[in-house]
Amino acid sequence: MNQSTIQTAVHAFSEHSRPYRRPEISAQQQSNEIIVDSLDTAFRATASIKNCRGKGDVVTLVTALLRYCELEHFFLISLLRDHDGHECVSYLIGCSPEWAQRYEARKWHAIDPFVAHAATSGQPILLSEMHPASPGQADLLAAATRYGFRSGMVLPTHWGAHARIGLLYVGCDKPPAAIEAQLIQNRTLLREVAMELYEWWDARLQSEAMLALRLDEIDLQLLRLEHQGCTSQQIRNILGFTLSRINCRFRRINDKLSVRGRRRAAEKAVLLGVLRD
């Protein structure tokens, strides 16, 4: 399972390779704009992220929450890696499409110092606290400044694990001195927004992957048990299937995932976000 295979599979089932463009907002929609005017309202709105039906809804809600914190833009990154170095990256965009396109085209996630930070720490970090360690990182941070992240914070959502990293950029065009005290004051709220948004996005990617790969709940059960190291006999005892049915289902799963062998199928399912490691 090489890198090109992974990328082909990723592009086949998800829109995350294409930056999300915010839809035009009608006058009626503007009159019904979400208003977050207190910390209590903000936390209640954050808890409702899980109820959003689509990207447009979640972008509108998160943008309203950020506005309460005097922020304007966000950029969510989800990175899955396997032990062989293959990776799958997805983005949820609430910022300039040009920034997202440049970030993806240059594969900046591979050198992003905030991704490296999220791999080892769950602590939020101000954008101004990160200093480039290479020309590539300097280009990345300069581009972030040009595209709406002059000031802001990065909030890890999953960290300390080889296979799974998540982080949320939030930012605005104000100078750091004008906004950072507000960011620190609202750090707890922003961490909650980051976690809820990541969980929403992760569930959506899983659903999209299963649909595009034509996997059903039985396939998911079999892949999960295989990933846990169960033998065919153990799977038979758990699910009550015959051995021939189990083997037949795994052959079809292998075909859907374009791999050879049950173990590789389970590994790829984890990499593509269908299974949780």
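In the block above lies the structure referred to throughout.
Just so you know, these numbers come straight off a predicted model, no measurement behind them. (Residues numbered from 1 in each chain as written. Predicted model: local features only at pLDDT ≥ 70, side-chain atom pairs only at ≥ 80, totals over all residues. Heavy atoms only, no water.)

Trainee: How would you sum up the packing of aromatic side chains? Please name residues and give values.
Mentor: The description of two aromatic rings rests on the distance between their centres and on the angle between their planes. If you walk through the whole model with that rule in mind, you get 12 aromatic pairs. Here the aromatic rings of Tyr-103 and Trp-108 are separated by 6.3 Å at their centres, their planes lie at 75 degrees, and the arrangement is edge-to-face. Arranged with centres 6.4 Å apart and planes meeting at 20 degrees, the rings of Trp-200 and Trp-201 form a pair that is stacked. The class of Trp-200 is buried, set by a relative accessible area of 9%. A relative accessible area of 1% places Trp-201 in the buried class. Chaining the aromatic ring pairs together yields one cluster made of Phe-75, Tyr-91, Trp-99, Tyr-103, Trp-108, Phe-114, Phe-149 and Tyr-169. Directly above the ring of Phe-241 sits Arg-245, whose terminal nitrogen or CZ lies 3.9 Å from the centroid. (Phe/Tyr/Trp six-rings, centres within 6.5 Å; stacked < 30°, edge-to-face > 60°. Buried < 20%, exposed > 50% of the residue type's maximum accessible area, 1.4 Å probe, protein only. Lys NZ or Arg CZ within 6 Å of the ring centre and 35° of its normal.)

Trainee: I'd like to hear about the environment of Ile-246, residue by residue, with values.
Mentor: Its location among the elements puts Ile-246 in helix α12 (residues 243-257). The class for Ile-246 is buried, based on a relative accessible area of 0%. Taking the C-alpha atoms as reference points, Ile-246 and Ile-235, 11 residues apart in sequence, are found 8.0 Å from one another. Aside from chain neighbours lying at most four places away, what touches Ile-246 is Leu-222, Ser-232, Ile-235, Arg-236 and Phe-241. (Helix = DSSP H or I, 4+ residues; strand = E, 2+ residues; numbered from the N terminus. Contact = heavy atoms within 4.5 Å.)

Trainee: Lay out the pairing of strand β4 (residues 151-158) in plain terms, naming residues and giving numbers.
Mentor: When you tally the buried positions in β4, you get 8 out of 8 residues, the bulk of the element. With 2 bridges joining them, strand β3 (residues 125-126) and β4 adopt antiparallel strand pairing. Residue pairing for β4: Ile-125 is matched across the bridge by Val-154. Examined bridge by bridge, β4 and strand β5 (residues 164-172) share 7 bridges and lie antiparallel to one another. Considered in β5, the bridge of Ser-151 is made with Cys-172. (Pairing = 2+ DSSP bridges.)

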